[in-house]
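# Observations on the three-dimensional arrangement
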Amino acid sequence: MKFQIEDVTVYFPYDHIYPEQYAYMVELKRALDAKGHCLLEMPTGTGKTIALLSLITSYTLSKPNSPLKLIYCTRTVHEMEKTLAELKLLHEYQLQHLGPQARILALGLSSRKNLCVNPLVLAAENRDSVDAACRKLTASWVRAMAAENPEVPTCEFFEQYERAGSGAVLPPGVYTLQDLRAFGIEKGWCPYFLARHMVQFANVVVYSYQYLLDPKVAGIISKEMQKESVVVFDEAHNIDNVCIEALSVSVRRQTLEGARRNLNKMRQEIDRFKATDAGRLRAEYNRLVESLAQRGNLPIGDAWLANPALPDDILREAVPGNIRKAEHFLHVLRRLVQYLEGRLETENVEKESPVGFVASIITHAGIDQKALKFCYDRLHSLMLTLEITDTDEFLHIQTICDFATLVGTYARGFSIIIEPFDERMPHIPDPVLQLSCHDASLAIKPVFERFQSVVITSGTLSPIDLYPRLLNFNPVVSRSFTMSLTRDCICPMVLTRGSDQLPVSTKFDMRSDLGVVRNYGRLLLEMVSVVPDGVVCFFVSYSYMDGIVNSWNETGILKDIMQHKLVFIETQDVVETTLALDNYRKACDCGRGAVFFSVARGKVAEGIDFDRHYGRLVIMFGVPFQYTLSKILLARLEYLRDTFQIKEGDFLTFDALRQAAQCVGRVIRSKADYGMMIFADKRYSRHDKRSKLPGWILSHLRDAHLNLSTDMALHIAREFLRKMAQPYDKAGGNGRRTLLSQEDLEKLGDRIIDEMLH
């Protein structure tokens, strides 16, 4: 369908549109007109992705003189593929209506592991090994050697891509990762480097958060992006954690041992070059005297990771004299590694600011702050000079230089925390030194400053007013939308006590109480006997899940549950979990029914959909608070309180409930779907906790469902399932329109927006 929003003709590839999609587009257009940033919360399963893509591509088509580039960031490769598939459908629709003028170039960009087509490189088992195997075939010095000696292996795909020169371009179209690989094989060109090259010319780019938020990757991939871009962070409820991880570094004993090995290897290489090619080391020294500005002209195959500090904080000056010579620099790194080894020998938890830590390094290791700042760039230069290709073996020394550069650059928003052991396993010595970033706004600040509009959107952004404070920005539009339904297909309940009227909770002093464990077991047993197909259970942690499943096994509850449905469990092993999920789906498909035990904050809670019969009920056992004795969390809470005036309790509750909402939101993936959500903990009945759930869940949470026992919840479940079994009108009768045609939009227009906003 085709309709107008003010001066923009929107091309939407379906015959009907949801009212909330229309309202979402109107608010999004307001943000684009204002050239500002926005926060939009829209319920899961209401077509957020296609609404975003339709509006932004149509907006660009309506303003041909000032075209906008769309940079769409997803969390996983699976989400990237889904987004590109939607875009393909939309692009075909726009071509039908507009012909050749609607042509765009859209592509996904991922790591070499997902795009490489060279079987020799793909044989490596993990991402770092694939990257290193690629460098061994594509680095400029390897190719120079191959030109003289044909025995030296190179990558045929990369060679053909280089030979094609400026002729190596992608024709207009929408390319998924699979399409890129197929195109690369057909032309004989390397899909990874072709995609990297085409990113700067594409109208739409879909890639991972890290490509914009992690300075090490963004410095290479996203450096060329134009200011006239709209950046979309989809499923962005955890964006503050992604920002913090991008600037945090952990150093363990294994890291330091690996760094020592790396330094010895580099020492041997330097000695070898001194004997065979001393001029190369002298040329590097002279270049460093002038400055490090040569980085921008590297061949594409040589570019390694960029500086871990943010672009504005990198010093633009010559490298200090005491680390210009290669052997002097190695000596400095040896002293730094030795100093860090000494710090890890502690028996007590230590917390220090970067300023104090740098002062201690100057005193004990004799390395000044400026030398620390330049560690990363100096290492990069030395790796190129020594022609090192197996970068996966040098990750340890890279981590040490990351750490040194960040410690030398930032004085505020960071802490250094040294823990001699993990508090949950105090008998196992495992010292770790962590440079922990507390300020999420640091990593995202360059994105807000550089791009015209940034859209942060997800199904769970409540309370929405906390995000601008955490990320330190002013959105021009901040909205939360409801879900228009023809029938109440969501049934949230708060269960506070078991059938024996004992309260249930995962509070620390109650969680191991046998009464609570028994009541949780009885609740699940009663529910699996009445709910058809799939049931998903989320626990607050792996250790709690292990404990409770063990207890249920000993008391025979698990055996009773398996009379009704098969049980599958998420583990920390990705392969095992994938296998469990496949078999869970098979059990639901064949009618046997299944229960899936999972963990809030785990992989399943973040990215797996339990739509239709795969999830008819989700039970959240407890409130998934973070481990509140974690030294890193305590340091972050202190920083948030002092800098942004966010109280500790407010942040912890907000964080726990966004995770709970993310877990229960897995069951509703479309409006034809239906599902029940049980929040099994007495703390959810408190208004201050409950009010932080997203509005689209709260609007279906009746007062009568706020303080239930197991038998009452069972009665409500039976009634709900009976009601859902009745036929219903998908377009919506009795005044509740949930599918709008083109004529409806022309008639109703502004009324829809008023209804859809909270």
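Residues numbered from 1 in each chain as written. Predicted model: local features only at pLDDT ≥ 70, side-chain atom pairs only at ≥ 80, totals over all residues. Heavy atoms only, no water.

An unreviewed UniProt entry annotates the protein as DNA 5'-3' helicase of Ziziphus jujuba. The annotation that UniProt attaches to the protein under Catalytic activity (unreviewed entry) is "ATP + H2O = ADP + phosphate + H(+)". Turning to the protein, the UniProt annotation filed under Cofactor (unreviewed entry) states: "[4Fe-4S] cluster". (UniProt positions renumbered as here; feature names shortened; annotations may be inferred.)

## Topic: the pairing of strand β13 (residues 453–458)
Counting buried residues along β13, six of its six residues qualify, which places the element largely inside the surrounding structure. Side chains Ser453, Val455 and Thr457 of β13 all project onto a buried face; the interleaved residues Val454, Ile456 and Ser458 project onto the opposite face, where all are buried too. Judged from the four bridges that link them, strand β3 (residues 38–41) and β13 form a sheet pairing that is parallel. Note that in β13 the partner of glutamate 41 across the bridge is serine 458. In the sheet, strand β8 (residues 229–233) pairs with β13 via four bridges, with the strands oriented parallel. For valine 232, the partnering residue across the bridge sits in β13 and is valine 455. (Buried < 20%, exposed > 50% of the residue type's maximum accessible area, 1.4 Å probe, protein only. Helix = DSSP H or I, 4+ residues; strand = E, 2+ residues; numbered from the N terminus. Pairing = 2+ DSSP bridges.)

## A few points about the sheet that holds strand β9 (residues 249–252)
In spatial order, the strands read β9-β12-β11-β10; together these four strands make up an open sheet with antiparallel pairing. Each having just a single partner strand, β9 and β10 (350–352) make up the two edges of the open sheet. Recorded for the sheet is a direction-independent mean angle of 15° between the axes of neighbouring strands. Note that β9 and strand β12 (residues 429–437) share four bridges and pair antiparallel. When the bridges of β12 are listed, valine 251 appears paired with leucine 433. (Axes fitted to C-alpha atoms, helices over the stretch in contact; angles between N-to-C directions.)

## Remarks on the sheet that holds strand β14 (residues 477–480)
The sheet built from eight strands is open, its strands ordered β6-β5-β7-β4-β8-β13-β3-β14 with parallel pairing. Strands at the two margins of the open sheet, each flanked by one partner only, are β6 (173–175) and β14. Between one strand and the next, the sheet's axes are offset by a mean angle of 15°, whatever the strand orientation. In this structure, strand β4 (residues 69–74) lies alongside β8, joined through five bridges in parallel fashion. Paired with tyrosine 72 across the bridge in β8 is valine 232.

## Notes on helix α28 (residues 631–644)
For an α-helix, 3.6 residues make a turn, and residues three or four places apart therefore share a direction. The end-to-end C-alpha distance of α28, which contains 14 residues, comes to 20 Å, matching closely the 20 Å that a straight helix rising 1.5 Å per residue would cover. Within α28 the residues assigned to the buried category are Leu633, Ala635, Arg636, Leu637, Tyr639, Leu640 and Phe644. Elements in contact with the buried residues of α28: α13 (239–246), β10, β11 (414–421), α21 (441–450), α22 (466–471) and α29 (648–664). Trailing α28 by a residue or two, glutamine 645 shows a phi angle of about 55°, which is positive. (Expected span 1.5 Å × (residues − 1). Contact = heavy atoms within 4.5 Å.)

## Regarding the environment of histidine 427
Its location among the elements puts histidine 427 in the loop between β11 and β12. In this structure the C-alpha to C-alpha distance between histidine 427 and isoleucine 490, which are 63 residues apart in sequence, comes to 46 Å.

## Describing the environment of valine 8
Tracing the backbone shows valine 8 in strand β2 (residues 8–11). Taking the C-alpha atoms as reference, valine 8 lies 8.9 Å from lysine 29; in sequence the two are 21 residues apart. Non-local contacts of valine 8, meaning those with residues more than four positions away in its chain, are made with Phe3, Lys29, Ser58, Tyr59, Ser62 and Lys63.

## Observations concerning the nonpolar core
Phe3, Tyr207 and Phe233 are the most contacted members of the largest nonpolar core, which totals 174 residues. When residues in this core are grouped by element, the largest group, ten residues, is from helix α16 (residues 326–344). Non-local contacts of phenylalanine 3, meaning those with residues more than four positions away in its chain, are made with Val8, Thr9, Val10, Phe12, Ile17, Tyr22, Met25 and Leu745. Counting 84 residues, the second-largest nonpolar core is a separate cluster that includes Trp552, Phe568, Ala580 and Tyr684. (Core = buried A, V, L, I, M, F, W, Y, C linked by side-chain atoms within 4.5 Å.)

## Digging into the pattern of salt bridges
If you walk through the whole model with that rule in mind, you get 47 salt bridges. The shortest N-O distance in the salt bridge between arginine 658 and aspartate 240 comes to 2.9 Å. Separated by 418 residues along the polypeptide, arginine 658 in helix α29 and aspartate 240 in helix α13 bring together distant segments of the chain. Exposure remark for arginine 658: the relative accessible area of 1% places this residue in the buried category. When its relative accessible area of 0% is taken as the criterion, aspartate 240 is described as buried. (Salt bridge = Lys/Arg side-chain N within 4 Å of Asp/Glu carboxyl O.)

## Topic: the UniProt feature "domain: Helicase ATP-binding" (unreviewed entry) in the protein
Sites flagged by UniProt as "domain: Helicase ATP-binding" (unreviewed entry) map to residues 7–285. Helix and strand shares over residues 7–285 are 58% and 13% respectively, and the end C-alpha atoms of the span are 59 Å apart.

## Quick notes on unusual backbone geometry
In this structure, the amide linkage connecting serine 462 to the following residue, proline 463, adopts the cis form with an omega of -10°. In this structure, proline 463 sits in the loop between β13 and α22. At glutamate 6, a position not held by glycine, the phi torsion is positive, near 55°. In this fold, glutamate 6 is placed in the loop between β1 (2–5) and β2. Accessibility expressed as a relative area gives 59% for glutamate 6, which makes it exposed. Of note in the backbone geometry, glutamine 501 takes a positive phi value of approximately 70° without being a glycine. On the secondary structure map, glutamine 501 appears in the loop between β15 (490–497) and α23 (514–530). Here glutamine 501 falls in the partly exposed class, since its relative accessible area comes to 43%.

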